[in-house]
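Below are the chains, spelled out letter by letter.
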2 protein chains.
Amino acid sequence: PAGGLPAGSGAWGRRVPAAGHLQEVMLTSERYGVRRLPFSRVSDGDVAFFEQIMPGRVITNAEELKPFNVDWLKSVRGCSKLMLKPQTTAEVSEVLRYCYERNLAVNPQGGNTGLVGGSVPVFDEIILSTVLMNRITSFDKVSGILVCQAGCVLEKLNEYLEEQGFIMPLDLGAKGSCHIGGNVATNAGGLRLLRYGSLRGTVLGLEVVLADGSALDCLASLRKDNTGYDLKQLFIGSEGTLGVITAVSILCPQKPKSVNLAFLGCQSFAKVLETFATCRAMLGEILSAYEFMDEKCMELVERHLKLTSPVTDSPFYVLIETSGSNSTHDEEKLNNFLEQAMNSGLVTDGTVATDEKKIKMLWSLRERITEALTHDGYVYKYDISLPVGKLYDLVTDTRARLGPSAKSVVGYGHLGDGNLHLNVTAESYNHFLLDAIEPFVYEWTARYNGSISAEHGVGFKKKQFIQYSKPKEAVHLMQRFKAMLDPKGILNPYKMLPSSS
Amino acid sequence: PAGGLPAGSGAWGRRVPAAGHLQEVMLTSERYGVRRLPFSRVSDGDVAFFEQIMPGRVITNAEELKPFNVDWLKSVRGCSKLMLKPQTTAEVSEVLRYCYERNLAVNPQGGNTGLVGGSVPVFDEIILSTVLMNRITSFDKVSGILVCQAGCVLEKLNEYLEEQGFIMPLDLGAKGSCHIGGNVATNAGGLRLLRYGSLRGTVLGLEVVLADGSALDCLASLRKDNTGYDLKQLFIGSEGTLGVITAVSILCPQKPKSVNLAFLGCQSFAKVLETFATCRAMLGEILSAYEFMDEKCMELVERHLKLTSPVTDSPFYVLIETSGSNSTHDEEKLNNFLEQAMNSGLVTDGTVATDEKKIKMLWSLRERITEALTHDGYVYKYDISLPVGKLYDLVTDTRARLGPSAKSVVGYGHLGDGNLHLNVTAESYNHFLLDAIEPFVYEWTARYNGSISAEHGVGFKKKQFIQYSKPKEAVHLMQRFKAMLDPKGILNPYKMLPSSS
């Protein structure tokens, strides 16, 4: 039932055209000085073999391959000469068995919406796309459990579920392009995590094909199963380095009967925090999102995307969403909270939305910041977890450190989860600026026991910094798991694990 | 701040005396015909070594060791001659490093409340108890994140949190004795899972000591951290076979301002299911438990524990709990639902409780079934996940199959999670009856793609049946993980993984 948007079409989010203004992206290997590992090179014989398994779904045309070699941010570029589009798990198995045998490196790819350079090849890895694996297997209305192939587009799944009174437990800006398999492989967070928890709790089962082509069926569709080690967890967030996720079983919440939004202005970050504590206490179980953005973000969405905010002149903006089962009760709770927040001076300006159109408009002010940033120039992106009280200090300190060498330094994110998106823009990529930001940002984060990747993952761009958030022993154990499951290292090489040199 | 109830004192749940009436328990090895693996035997030199590391916390007295060699159900018994009570992670490290070197087998033990024979030795394994590791490290009121040692008793933690306006995200009958480390090691489910999700989502970090004594620090206290493989997940539910959990970081929800309970009678299981669908739709986000029990369960708690139910004469009883932030709203939702359920004939009798005393009384009807069963005789316990529509058919079919050879065949459980507790009692342990139940129950469960252990784990008693819920490839992969992390197999041997013979 769920069709698939063409992956890598450049549509990030439902309304977003191709990102950024940078036309030519330097090859990753040139920019970062990495060296190709001694994998085999794709031969004519290999292409002929694949063409035989999946006729018409073997792409070798350079022009056609272009968008799948470059990430959405246009920050990294590989030079793969071959993309395969399997439709079934059996085909994925056949492909990997062959590649393993032949020592051919493989880059598993979903919607190619990742932000850390994990979803595109670094050199000439074969791109294994899930774009044609977009069938829904089953949906059980009693339990709310959906089983589907890995290439289903998140937004399509959500539309399918909404017709039956349910929703997906995750939501993110890239929903119009991203694949559920990619979401799981990267342990995507997003806008609903505050309410419905992480994929580690909502994903009930996975089907995975391992590096040697063997299929691992952990596709349970039970709310509870406590028979042995939870193997699927190892693949959630492994970014395609341990196996290729081919199918997903996921627990979906009921569609809320009532959704309300409040968009508020706060005069300081301290007030943003106090507003959060107040709303968490007063809205309780109906709170479904608490997002914040600074005034610089607002300037960018206004300037580059021509959006207008009904709330103005505040150094900080807060978006609060409620989702509940009784609109009268929900509105009463929200009004009580707003009265309290206004009367106590936590909030100086604000607007409330209950109709879908206004809700979408207000959400777009927050959701489209990522897009607005790409129009501002080259973007240095950081996705940091911190104790919530320290969250904005990192933005202030980075801004002070970089001074006029940066164009914009902005902060926004999922405050309710302690997750800051720190972004720095410049007219173009500049290695000196990068050196001024890194490892400064990582050292700062480590000092407060934060995480250098709250939800974006590690991919290519963060792998050399993983030790800021993971002790040596943990990285070593990761390497042992990798060696055990993919002894030749053919799956998404150059990603996630630091080079051992 | 949290003291610890003495582990293994026999207190299961806050009001429960030592279980059952069976005085002598046959040695596990005799009953089940297992053979001891060639581990070293504890020598006087070993005892002297441990006495030097932790003076006064080395138990060798046979009488003192007795309760720690027998499980709470009195169904399995080991013959350990040594128990160690470390206070710190460093001590656990030292113990394991020594045992690994000396090839001494170790049985990690928390509150010894497990129901599958996983928490006691099978032969003479050294019991490594977390009973003295009961310190709370920190609690952050802003984020709701608790960090504590593994031996903290669940109920003590909950009491500590309640004082600060929070609760533990899990609750179970054994709360008065069970340790949080044991809860995590067994991936305990319980009564709040429906609302707050599983430990896979709420546990944010773990500290674990591996078989060779090396410590693995994954004790992040961040809501989100996406830097690499989520190693801690492998230890959640590994039942002490991969490492010893020494500390836990866990996300705790706010204490609900308003709690209501409805205890209802239904005339058929079909009505139990329809009532669930109705209440899920009408109570939405405030539904925090949906439990059911059959009339046989009610007979047992009335007969053996002298409890009285205000609701009578129904073949099925249902307990519905709501937890919310506004008592007026919550009561209105509950009343609307009850009116609907009564008017449409889903429910024929019922009572509602809002005060704490009556709430506790009603909960005890459900929570004390386990205890009542032990008074009925020897208990054959099954903890099954099934598609919710099939849940009670297994009870009916088992009852029909066993006829008068069983004393009682009862069904109850967490219906909202698709989790049935099927229990069969007999005057005493009887191998013929066991053969009539197993593998019948497992085959029945496998036919409907259920799980043979929804929340109790595998332990000693279910390990030979794991293949009913896990494909061969998954079991094989589990064995590879075990071999990698514990190459000598010293950690909780004879448990979880099927004997390879």
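What you see is a predicted model; the values in this text were computed from it and never measured.

### Describing the overall build of chain A
Now for step 1: Along its length, chain A carries 18 helices and 16 strands.
Now for step 2: Against the compact-globule benchmark of 23 Å for 501 residues, chain A has a radius of gyration of 22 Å, which places it among compact chains.
Now for step 3: The principal-axis extents of the C-alpha atoms in chain A amount to approximately 75 × 55 × 45 Å.
Now for step 4: Per-residue burial for chain A yields a buried fraction of 64% across its 501 residues.
Now for step 5: Here the contacts in chain A between residues at least 6 apart in sequence split such that 76% fall between residues at least 24 apart.
Now for step 6: Surface exposure of chain A reaches about 17300 Å², of which carbon and sulfur atoms provide 51%.
Now for step 7: Computed over 52 positive and 55 negative side-chain charges, the inter-centroid distance for chain A is 3 Å.

### Overview of the relation of the copies chain A and chain B
Now for step 1: Note on the identical chains: chain A maps onto chain B by a rotation of 180° and an axial translation of 0.0 Å, with an RMSD of 0.0 Å. Interpreted geometrically, this transformation is the action of a two-fold axis. Relative to the rotation axis, the closest C-alpha in chain A is found at G201(A), a distance of 2.3 Å.
Now for step 2: Both copies share a contact surface, since 100% of the interface residues of chain A are interface residues in chain B too.

### Let's talk about the packing of aromatic side chains
Now for step 1: Tallying each qualifying case throughout the model produces 45 aromatic pairs over all chains.
Now for step 2: Each residue in the set F269(A), F292(A), F316(A) and Y392(A) is aromatic and connected to the rest through ring pairs, giving one cluster.
Now for step 3: For the cation-ring pair, K488(B) lies above Y100(B), with the distance from its terminal atom to the ring centre recorded as 4.7 Å.

### Comments concerning the side chain of E207(B)
Residues and elements named next belong to chain B.
Now for step 1: By secondary structure assignment, the location of E207 is in strand β7 (residues 203–210).
Now for step 2: R135 provides the closest opposite charge to the buried, salt-bridge-free E207, at an N-O distance of 8.9 Å.
Now for step 3: Polar side-chain contacts of E207 include one of 2.6 Å to the side chain of T89.
Now for step 4: Those residues within four positions of E207 in sequence are excluded, and the remaining contacts are T89, L216, L219, V244, I245, T246 and A247.

### Details of the sheet that holds strand β7 (residues 203–210) of chain A
Residue and element names in this part refer to chain A.
Now for step 1: Ordered by their spatial adjacency, five strands build an open sheet running β5-β6-β9-β7-β8, and the pairing between neighbours is antiparallel. Whereas interior strands pair on both sides, the edge strands pair on one side only; in this sheet they are β5 (136–140) and β8 (215–218). This sheet shows a mean twist of 10° between the axes of neighbouring strands, independent of strand direction.
Now for step 2: Two elements, strand β6 (residues 145–149) and strand β9 (residues 243–251), share five bridges in a ladder whose sense is antiparallel. Directly across from I145, in β9, lies its bridge partner L251.

### Things to note about the UniProt feature "domain: FAD-binding PCMH-type" (unreviewed entry) in chain A
Now for step 1: In this structure's numbering, the residues bearing the UniProt feature "domain: FAD-binding PCMH-type" (unreviewed entry) are residues 76–255 of chain A.
Now for step 2: Secondary structure within residues 76–255 of chain A divides into 23% helix and 23% strand; the distance between the first and last C-alpha atoms comes to 38 Å.

### Focus on the nonpolar core
Now for step 1: Residues L146(A) and L146(B) are the most contacted members of the largest nonpolar core, which totals 96 residues.
Now for step 2: Residues contacting L146(A), with those up to four places away along its chain left out, are I136(A), S138(A), F139(A), L157(A), Y160(A), L161(A), M168(A), V248(A), S249(A), I250(A) and C252(A).

### So, the packing of helix α2 (residues 44–53) of chain A against helix α4 (residues 89–102) of chain A
Packed helix pairs are characterised by how far apart their axes lie and by the angle those axes make with each other.
All names here are of chain A.
Now for step 1: Where α2 contacts α4, the axes come no closer than 11 Å and their chain directions differ by 165°. The angle between α2 and α4 falls in the class roughly antiparallel. Between α2 and α4 the crossing geometry is right-handed. Residues G45, D46, F49, F50 and I53 of α2 form the contact with α4, whose participating residues are E91, E94, V95, Y98, C99 and R102.

### Examining unusual backbone geometry
Now for step 1: Following E438(A), the chain continues to P439(A) via a peptide bond in cis, the omega torsion being 5°.
Now for step 2: Tracing the sequence through the fold places P439(A) in the loop between α16 (431–437) and α17 (440–447).
Now for step 3: Residues other than glycine seldom take positive phi values, yet N103(A) does so here, at roughly 60°.
Now for step 4: For N103(A), the position within the fold is in the loop between α4 and β3 (106–109).
Now for step 5: N103(A) sits in the partly exposed class, given a relative accessible area of 21%.
Now for step 6: Look at K306(B): it is not a glycine, yet its phi comes out positive at around 60°.

### Concerning the pattern of salt bridges
Residue and element names in this part refer to chain A.
Now for step 1: With the rule as written, the count across this model stands at 46 salt bridges over all chains.
Now for step 2: Among the ionic pairs, D393 bridges to K390, the shortest N-O distance being 3.1 Å.
Now for step 3: Judged by its relative accessible area of 31%, D393 falls in the partly exposed class.
Now for step 4: Residue class for K390 comes out partly exposed when judged on its relative accessible area of 24%.

### Re the packing of helix α10 (residues 269–283) of chain B against helix α12 (residues 327–343) of chain B
Residue and element names in this part refer to chain B.
Now for step 1: Their axes nearest at 9 Å, the elements α10 and α12 cross at an angle of 150°. Between α10 and α12, the interaxial angle falls into the category roughly antiparallel. For the crossing formed where α10 meets α12, the hand is right-handed. Across the interface between the two elements, T275, T278, C279, M282 and L283 from α10 touch K333, L334, N336, F337 and Q340 from α12.

### Observations regarding the interface of chain A and chain B
Now for step 1: Contacts between the two partners involve 80 residues from chain A, matched on the other side by 80 residues from chain B.
Now for step 2: Summing both partners gives a buried area of about 6400 Å² for chain A against chain B, and 56% of it is carried by carbon and sulfur.
Now for step 3: Counting the surface chain A buries against chain B, the share from its top three residues, K224(A), N226(A) and Y229(A), is 16%.
Now for step 4: Applying the counting criterion to the chain A and chain B interface returns 10 salt bridges.
Now for step 5: Where R200(A) meets D230(B), a salt bridge forms, and the shortest distance between an N and an O atom there is 2.8 Å.
Now for step 6: At the surface where chain A touches chain B, the tally comes to 40 residue pairs in polar contact (both at pLDDT 80 or more).
Now for step 7: At the level of elements, α7 (193–196), β8, α9 (232–235), α10 (269–283), α12 (327–343) and α18 (472–485) of chain A are the ones that each hand at least two residues to the side of chain A that touches chain B.

### A look at helix α14 (residues 369–376) of chain A
Residues and elements named next belong to chain A.
Now for step 1: α14 sits mainly inside the fold: seven of its eight residues count as buried.
Now for step 2: Turning to α14, its buried residues number three or more, namely I369, T370, E371, A372, L373, T374 and D376.
Now for step 3: Taken together, the buried residues of α14 touch β11 (287–294), α11 (295–305), α13 (356–367), β14 (378–385), β15 (408–414) and β16 (419–426).
Now for step 4: Downstream of α14 by one or two residues, G377 has phi in the positive range, about 145°.

### As for the domain arrangement of chain A
Residue and element names in this part refer to chain A.
Now for step 1: The domains assigned to chain A are domain 1 (136–251), domain 2 (258–369) and domain 3 (377–469).
Now for step 2: Domain 2 puts 15 residues into the contact, and the matching count from domain 3 is 17 residues.
Now for step 3: Counting the surface lost from both domain 2 and domain 3, the interface buries some 1300 Å², and carbon and sulfur atoms represent 71% of this.
Now for step 4: At the boundary of domain 2 with domain 3, the tally comes to one salt bridge.

### A look at the pairing of β7(A)
Residues and elements named next belong to chain A.
Now for step 1: Most of β7 is tucked away: eight of the eight residues are buried.
Now for step 2: Two strands pair when backbone bridges link them, and β7 and β8 are joined in this way by four bridges, in the antiparallel orientation. Looking at β8, one finds that E207 is bridged to D217.
Now for step 3: Hairpin connection between β7 and β8: a loop of four residues separates the two successive antiparallel strands, and G213 in this loop has a positive phi of roughly 95°.

### As for the confidence of the model for chain A
Now for step 1: Averaged over every residue, the pLDDT of chain A is 93; the share at 70 or more is 95%.
Now for step 2: Confidence drops under pLDDT 50 across residues 1–22 of chain A; counting only partners more than four residues distant or on other chains, this segment forms 59 contacts.

### Some details on the sheet that holds β16(A)
Residues and elements named next belong to chain A.
Now for step 1: Taken together, seven strands build an open sheet; the order of strands is β13-β10-β12-β11-β15-β16-β14 and the sheet is antiparallel. Of all strands in the sheet, those bounded by a partner on one side alone are β13 (349–353) and β14. Put simply, the sheet's adjacent strands are angled 15° from each other on average, direction ignored.
Now for step 2: Judged from the eight bridges that link them, β14 and β16 form a sheet pairing that is antiparallel. Considered in β16, the bridge of Y378 is made with A426.

Here is what the cut-offs are and how they apply
Chains are numbered independently. Their residues run from 1 in the order of the written sequence. Written order determines the labels here, with chains lettered from A and ligands numbered from 1. Note on the predicted model: pLDDT of at least 70 is required for a residue's local features to be given, and 80 or more for side-chain atom pairs to be given and counted; whole-chain, interface and lining totals, by contrast, use all residues. The side-chain figures draw on all heavy atoms in the structure; neither hydrogens nor water molecules are used. For helices the rule is a DSSP run of H or I covering at least 4 residues; for strands it is a run of E covering at least 2, with both sets numbered from the N terminus onward. Throughout, the radius of gyration refers to the C-alpha atoms, and the reference size of a globule is 2.2 Å times the residue count to the power 0.38. Partly exposed describes any residue whose relative accessible area lies between the buried limit of under 20% and the exposed limit of over 50%, with all areas from a 1.4 Å probe on protein chains only and scaled to the type maximum. Whether two residues touch is decided by their heavy atoms; if any such pair falls within 4.5 Å, the residues are in contact. Shrake-Rupley sampling with a 1.4 Å probe provides the accessible areas, and residues are treated as covered by the protein chains on show and by no other component. His residues and chain termini do not enter the charge count, which takes Lys and Arg as positive and Asp and Glu as negative. To locate a charge, take atom NZ for lysine, CZ for arginine, CG for aspartate or CD for glutamate. Here the copies are superposed with least squares, the fitted atoms being C-alpha atoms of residues at a pLDDT of at least 70 in both. Two aromatic rings from Phe, Tyr or Trp, using only the six-membered ring of Trp, form a pair when their centres are within 6.5 Å; if the ring planes differ by under 30 degrees the pair is stacked, by over 60 it is edge-to-face, and anything between is tilted. Sitting over a ring, as applied to charges here, requires NZ of Lys or CZ of Arg to be within 6 Å of the ring centre and within 35 degrees of the ring normal. The term salt bridge refers to a side-chain nitrogen of Lys or Arg lying within 4 Å of a carboxyl oxygen of Asp or Glu. Pairs of N or O atoms within 3.5 Å make up the polar contacts considered here, provided that, within protein, one atom can donate a hydrogen while the other can accept it, and that residues adjacent in sequence are counted only when both atoms are side-chain atoms. The rule for pairing is simple: two strands pair if DSSP sees at least two bridges between them. Between N-to-C directions, angles span 0 to 180 degrees; the directions come from axes that are lines fitted to C-alpha atoms, helices contributing only their stretch in contact. UniProt positions are given in the numbering used here, feature names are shortened, and annotations may be inferred rather than shown by experiment. To qualify as a nonpolar core, a set must consist of buried Ala, Val, Leu, Ile, Met, Phe, Trp, Tyr and Cys residues joined through side-chain atoms within 4.5 Å. Note that the term roughly parallel is reserved for angles under 35 degrees, roughly antiparallel for angles over 145, roughly perpendicular for angles of 65 to 115, and oblique for everything else. Handedness of a helix crossing follows the sense of rotation of the near helix relative to the far helix, less than a right angle counterclockwise being left-handed and clockwise being right-handed. Note on terms: buried area is the combined drop in 1.4 Å-probe accessible area of two parts once they are placed together, counting the loss on both. Each domain's extent was defined by an automatic or database domain assignment. The pLDDT score gives, residue by residue, the confidence of the prediction method on a 0 to 100 scale.

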